[in-house]
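Each chain, written out:
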Amino acid sequence: MRPRQVCAVVFAVCVAASAVGAQDSPAMFIAGTYYRCDMASEDRADAVYEETIAPIVQKQVDAGKLVSAGYARHWMGGEWRRLEYMGATSLAALVEARQAIIGELTGAASKAAKEFDAVCPSHDDYIWTSVASSQAPEVIARERAKVAMSTYFVCDGREKEADAIVKSAFAPVLNAHVKDGKIASWNWMQHLVGGEYRRILVIDGADHTSILEYWNAFSTALDEAQPELAQRFTDICDSHTDYVWDLGTK
């Protein structure tokens, strides 16, 4: 986490806070940092994160600034190899927590931060806000399963309509599957700051096989229950990238 990288994150969060302004704030803000890493040395980055960086982040959870925080390893998907995420119930709390973390990573823990950056030298930053979830808004991403499937959507500008479809058509199917124990939780979030992806659907499950089998079953169930709305959603968010993440450093 080089100084210019972490400072860019704080700048992005502050821009987001300004953009939200006097509007009603969403219940949860999730900052995600998606790293590109040297695959031959990823285990060392994981160890550095666990030994040095995670305890620094945990201080902000313990202080009540962050509601949730975690780390994930690429199992399947695109070029992102590692993911660090942090959740807070306000942008102000997220800014304050990240500034405190940056202070330690550019100060006493700078050696460890530079070692991590040597393995994972580039990244993309996103800030997501909660739209719909099986979890209570104030605790989103606090309790996680072992594996997550994240689908990142590129949409055509009618994202609010896509949100309405998720709430009316997707949510009942997903919630029924949480109740049945097929998945642990799900979250639908909207883009606030970041790159081309406008929406993200995150589904947590027990393992790789169950999460992939579930994705196929969910698509089938949705097509059977709400075929017209499923097609309408695809028309709006017509491109996506799938990732499967192992949650934790090992």
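Residues numbered from 1 in each chain as written. Predicted model: local features only at pLDDT ≥ 70, side-chain atom pairs only at ≥ 80, totals over all residues. Heavy atoms only, no water.

Quick word on the overall build of the chain
Point 1. Per the secondary structure count, the chain includes seven helices and eight strands.
Point 2. Burial analysis of the chain (250 residues in total) assigns 49% to the buried set.
Point 3. When the accessible surface of the chain is totalled, it reaches about 11,200 Å², and 52% of it is carbon and sulfur. (Helix = DSSP H or I, 4+ residues; strand = E, 2+ residues; numbered from the N terminus. Buried < 20%, exposed > 50% of the residue type's maximum accessible area, 1.4 Å probe, protein only. Areas by Shrake-Rupley, 256 points an atom, 1.4 Å probe, with all protein chains shown as cover.)

What about the state of the cysteines?
As used here, a disulfide is simply a covalent bond connecting the sulfur atoms of two cysteines.
Point 1. Counted under the stated rule, the structure contains two disulfides.
Point 2. C37 shares a disulfide with C120; S-S distance 2.1 Å. Because the torsion about its S-S bond is 105°, the bridge between C37 and C120 counts as right-handed. With a gap of 83 residues between them, C37 in the loop between strand 1 (29–36) and helix 2 (42–62) and C120 in the loop between helix 4 (110–119) and strand 4 (122–133) connect regions that are remote in the sequence.
Point 3. The exposure class of C37 is buried, given its relative accessible area of 14%.
Point 4. Among the residues examined, C120 registers a relative accessible area of 0% and is labelled buried.
Point 5. Here C155 is linked by a disulfide to C237, with a sulfur-sulfur distance of 2.2 Å. Handedness of the C155-C237 disulfide follows from its S-S torsion of about 95°: it is right-handed. Residue C155 is located in the loop between strand 5 (147–154) and helix 5 (159–179), and its partner C237 is located in the loop between helix 7 (227–236) and strand 8 (239–247); the two are separated by 82 residues in the primary sequence. By the burial criterion, C155 is buried, and C237 matches it. (Disulfide = S-S within 2.5 Å.)

Notes on the packing of aromatic side chains
Point 1. Summed over all chains, the structure comprises 24 aromatic pairs.
Point 2. Taking the centre distance of 5.7 Å and the plane angle of 85° together, the rings of Y34 and Y152 count as edge-to-face. In this pair, Y34 sits in strand 1 while Y152 sits in strand 5, placing the two residues 118 residues apart along the sequence. The burial state of Y34 is the same as that of Y152; both residues are buried.
Point 3. Judged by centre distance (5.0 Å) and plane angle (80°), the ring pair of Y35 and F116 falls under edge-to-face. Highlighted residues: Y35 in strand 1 and F116 in helix 4, separated in sequence by 81 residues.
Point 4. Overall, Y35 belongs to the buried group, its relative accessible area being 2%.
Point 5. The rings of Y34, W80, Y126, W128, Y152, Y197, Y243 and W245 are connected pair by pair, giving a single aromatic cluster. (Phe/Tyr/Trp six-rings, centres within 6.5 Å; stacked < 30°, edge-to-face > 60°.)

Observations regarding the pattern of salt bridges
Point 1. Per the stated rule, a full pass over the model turns up 14 salt bridges.
Point 2. E115 is the partner of R44 in a salt bridge, and the nearest nitrogen-oxygen pair spans 2.6 Å. Of the two residues, R44 is situated in helix 2 and E115 in helix 4; the sequence distance between them amounts to 71 residues.
Point 3. If you follow the salt bridges from partner to partner, you end up with E42, D46, R81 and R82 in one network. (Salt bridge = Lys/Arg side-chain N within 4 Å of Asp/Glu carboxyl O.)

Some thoughts on the sheet that holds strand 7 (residues 199–205)
Point 1. On the basis of which strands lie adjacent, the closed barrel formed by eight strands has the order 1-3-2-8-5-7-6-4 and antiparallel pairing. If you compare each strand with its neighbour and ignore which way they point, the axes differ by 35° on average.
Point 2. Against the sheet, helix 5 touches strand 4, strand 6 (185–193) and strand 7, its axis set at about 160° to strand 6. (Pairing = 2+ DSSP bridges. Axes fitted to C-alpha atoms, helices over the stretch in contact; angles between N-to-C directions. Contact = heavy atoms within 4.5 Å.)

With respect to the packing of helix 2 against helix 4
Point 1. Two elements in contact, helix 2 and helix 4, have axes whose closest approach is 9 Å; the angle formed by their N-to-C orientations is 155°. If you check the angle between helix 2 and helix 4, you find them roughly antiparallel. For helix 2 against helix 4, the interelement crossing comes out left-handed. Where helix 2 approaches helix 4, its residues E42, R44, A45, V48, Y49, T52 and I53 are matched on the opposing element by A112, E115, F116 and V119.
Point 2. Here the residues of the contact of helix 2 with helix 4 sort into seven nonpolar, one polar and three charged. (Parallel < 35°, antiparallel > 145°, perpendicular 65-115°, else oblique. Left-handed = near helix turned anticlockwise from the far one by under 90°. Nonpolar A, V, L, I, M, F, W, Y, C, P; charged D, E, K, R; others polar.)

Thoughts on unusual backbone geometry
Point 1. Look at A141: it is not a glycine, yet its phi comes out positive at around 75°.
Point 2. For A141, a relative accessible area of 9% corresponds to the buried category.

Considering the environment of S122
Point 1. Structurally, S122 can be placed in strand 4.
Point 2. Among the residues examined, S122 registers a relative accessible area of 28% and is labelled partly exposed.
Point 3. Once the C-alpha coordinates of S122 and C37 are considered, the two residues, 85 residues apart in sequence, prove to be 7.4 Å apart.

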